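The chain contents come next:
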Amino acid sequence: MKNVLKFIIVAIIIIAIAIFVYFIVNRNKVVQEPIVHNYYKYYSNEKFGVIDKSGNVLIEASYQDIIIPNPTYPIFFLLENNEIKNVVNEKNEKIFTNFEKVSPIPVTGLIGDIPYEKHVLIYEENGKQGLLNLEGKKISKAKFDSIESLPYKEGELLCKTPENVYVLQQNGKEKIKLDSGINIVADGYYLENNFEKTGYIISNETSNGMMYGYIDYNGKQILDLEFDKIERVLNDKDNLIVMKNGQYGLYQNDKVIINCNYQDMKYEDSINMYFVKRGSKYGALNENGDIVIPVEYQNIENKGMFIEVVNSDNQKEHFNINGEKTNQFDNYNSIEKSKYDNTYIGISNDYSYQLLDKNYNVLTNEKYEYMENILSNLYIVKNTNGKYGIININNQKIADNNYDVIQLISNTEIIQAMDVTSNMVSLFNKNGQKLLEEEDLLVIFNDNYIKVFCNEGAKYYTLDGKESLNTEIYKNNNIIGFYENGKWGFKDRSGNIVIKAIYDRIVEINEIGYGGIKIEDKWGIIDNEGNIIVEPKFYIDDNISDPEFLNRFYKNYYASEGAFYIE
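Summarised in this report is the structure supplied together with it.

The rules behind each value
Residues numbered from 1 in each chain as written. Predicted model: local features only at pLDDT ≥ 70, side-chain atom pairs only at ≥ 80, totals over all residues. Heavy atoms only, no water. Salt bridge = Lys/Arg side-chain N within 4 Å of Asp/Glu carboxyl O. Helix = DSSP H or I, 4+ residues; strand = E, 2+ residues; numbered from the N terminus. Buried < 20%, exposed > 50% of the residue type's maximum accessible area, 1.4 Å probe, protein only. Phe/Tyr/Trp six-rings, centres within 6.5 Å; stacked < 30°, edge-to-face > 60°. Lys NZ or Arg CZ within 6 Å of the ring centre and 35° of its normal. Polar contact = N/O pair within 3.5 Å; in protein donor to acceptor, adjacent residues only side chain to side chain. Contact = heavy atoms within 4.5 Å. Pairing = 2+ DSSP bridges. Axes fitted to C-alpha atoms, helices over the stretch in contact; angles between N-to-C directions. 1 Å grid on protein atoms, 1.4 Å probe; cavity = no way out; pocket = protein on both sides within 12 Å on 5 of 7 lines; lining within 4 Å. Points joined across faces, edges and corners; volume = space filled by probe spheres on them. Nonpolar A, V, L, I, M, F, W, Y, C, P; charged D, E, K, R; others polar.

Using the criterion set out here, one finds 27 salt bridges in the structure. The shortest N-O distance in the salt bridge between Glu-156 and Lys-175 comes to 3.1 Å. One end of the pair, Glu-156, is in strand 11 (residues 156–160); the other, Lys-175, is in strand 13 (residues 174–179), with 19 residues separating them in the sequence. An identical accessibility class is assigned to Glu-156 and Lys-175; each is buried. The residue Lys-434 makes a salt bridge to Glu-437 at a minimum N-O spacing of 3.2 Å. Judged by relative accessible area, which is 37%, Glu-437 ranks as partly exposed. A single salt-bridge network, built from bridges that share partners, covers Lys-451, Arg-505, Lys-518, Asp-542 and Asp-546.

Structure, rendered in structure tokens:
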């Protein structure tokens, strides 16, 4: 019994420690809520308004501009003469009325669909600024002279007082505090749009010029303001190329990896090496600071799978990526790893392309002017006549060199080839099989499939190149497009005609419940029952993708301030 009791006590202690550690590690983490587009701007008669995700008008189009900092929340800044006139909700009621002024925060140095901080606002009180969450709760005191988005790191705010510079998280918690006059920017590192491991480069003007220091992603200053230059190496090793007294070196956080003994240093990410220069001589070091290629050469270049140097006799020599001198690559200008296969693409000294196996043996008999591995087992090749074709890994011709353009359709496993003279377009799947070939094919891109307008009306292909039907793709639609005598219409699930085939093109009903009909160069809008919401009147660029409709509006994709709908 005593042993059982001891076991329980030990287990409780272990759990308590685990909870404590988790709390310490995560106490400053900010949970990012997903952005749901519940609200959109719309444009009518040269003015802006607001609609909801069903296309209902919430605010009439009567304003110079409207800012929606987070389309999940009904917070709308109404602008006139480039100034905020009011802040309202989805009922067009004024909100934040107990504050002198509330304003959105533009992001700095980043490009996205929503160019504002999505979870915080600025409020003003007695001439000072503070942070406000979207529910209207103060999350910092109004003590700052200015607040702006931290450059190159969304979700953190740069706040200044006469005495200090602060970095605050979007929950209002202080992360970094610096003396006034010190500049701070994010170091540029991110992983798949995740800025969690992004650090900070700080700088300050001194009698010796601008000096730099570094703060890690936890907010701890690890390098003092004593460097001429600091650059984050954009990998996951937390490495920093620094310059001190005119000499370059390498740090990992605050640990010296390579002393500042070099006149130049460049990170070669494809081979994970640092090319350095001392005096007039060049060499290479690995990420541990070990010399891979002695610093004794006139020049050094990264050639993909090997390194080329020029010796004191002005002769070229080659090293493999392990730093071993070899003559294996003497006939090549460069060799790159294929993107999808365990092969290499070599560019010979005469600048012709060849396919090589894993041991760098030549697989292709013919020399090409260009080669690219676009899918597993498939390569685009360009012959000496300037025409493109496709070969496989066994050097077999999949498509003859008859095309002026060949490309992989973005985010698919479908290849598009074109003969410009005849306007003949061909589509191939990932196995190199021809799917379709016709003149003037129009290929329309969608999230989960592509649609190809052809002599039969349209063909649908999944992203991996399998042919499908619109009845399968639009399983939840009440009406489905059909093609007859060169025109388009809609039928119901039983095959009954709902809209006669009188249109030049259509857009199937989307998940919101709206589709499109086109006559000549004008688009109109229908609903899921076949009712015409808007007769064809919109002029829309539709050569890249289908127009997107919402009630009586269509989406504009080319606005500099983000997408909005047009009436």
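The next point concerns the packing of aromatic side chains. Per the counting criterion, the structure on display carries 24 aromatic pairs. Seen from their ring centres, Tyr-40 and Tyr-565 are 5.1 Å apart, and the 80° between their planes marks the pair as edge-to-face. Of this pair, Tyr-40 sits in strand 1 (residues 39–44) while Tyr-565 sits in strand 53 (residues 564–566); the two residues are 525 residues apart in sequence, bridging distant segments of the chain. For the pair Tyr-40 and Tyr-565, a shared accessibility class is recorded, and that class is buried. The interplanar angle of 70° and the centroid separation of 5.7 Å between the aromatic rings of Phe-144 and Tyr-166 together place this pair among those described as edge-to-face. Linking Phe-144 in the loop between strand 9 (128–133) and strand 10 (146–149) with Tyr-166 in strand 12 (residues 164–169), this pair joins segments that are 22 residues apart in sequence. As far as the burial class goes, Phe-144 and Tyr-166 line up, both buried. An aromatic cluster is built from Phe-306, Phe-329, Tyr-344 and Tyr-360, whose rings are joined through pairwise contacts. A cation sits over an aromatic face here: Lys-143 above Tyr-166, 4.9 Å from the ring centre.

So, about the side chain of Gln-354. Counting through the fold element by element, Gln-354 comes out in strand 31 (residues 353–356). Classification of Gln-354 by relative accessible area gives buried; the value is 9%. Within polar-contact distance, the side chain of Gln-354 engages the side chain of Tyr-332 at 3.5 Å. Polar contacts involving the side chain of Gln-354 include one to the side chain of Ser-348, which spans 3.4 Å. The contacts of Gln-354, once residues within four sequence positions are left out, are Tyr-332, Tyr-344, Ile-345, Gly-346, Ser-348, Val-362, Thr-364, Lys-367 and Met-371.

A word on the sheet that holds strand 12. Read from one edge to the other, the open sheet built from 4 strands follows the order 10-11-12-13, with strand pairing classed as antiparallel. Two strands bound the open sheet, and with one partner strand each, they are strand 10 and strand 13. In this sheet, adjacent strand axes meet at a mean angle of 20° when their direction is disregarded. In the sheet, strand 10 pairs with strand 11 via 4 bridges, with the strands oriented antiparallel. Looking at strand 11, one finds that Glu-148 is bridged to Leu-158.

We now examine empty space enclosed by the protein. Evaluation of the coordinates by the stated rule reveals 1 cavity of 30 Å³ or more. Size it by volume and the largest cavity reaches roughly 30 Å³. When the residues that make up the lining of the largest cavity are grouped by side-chain class, the tally is 2 nonpolar, 1 polar and 3 charged.

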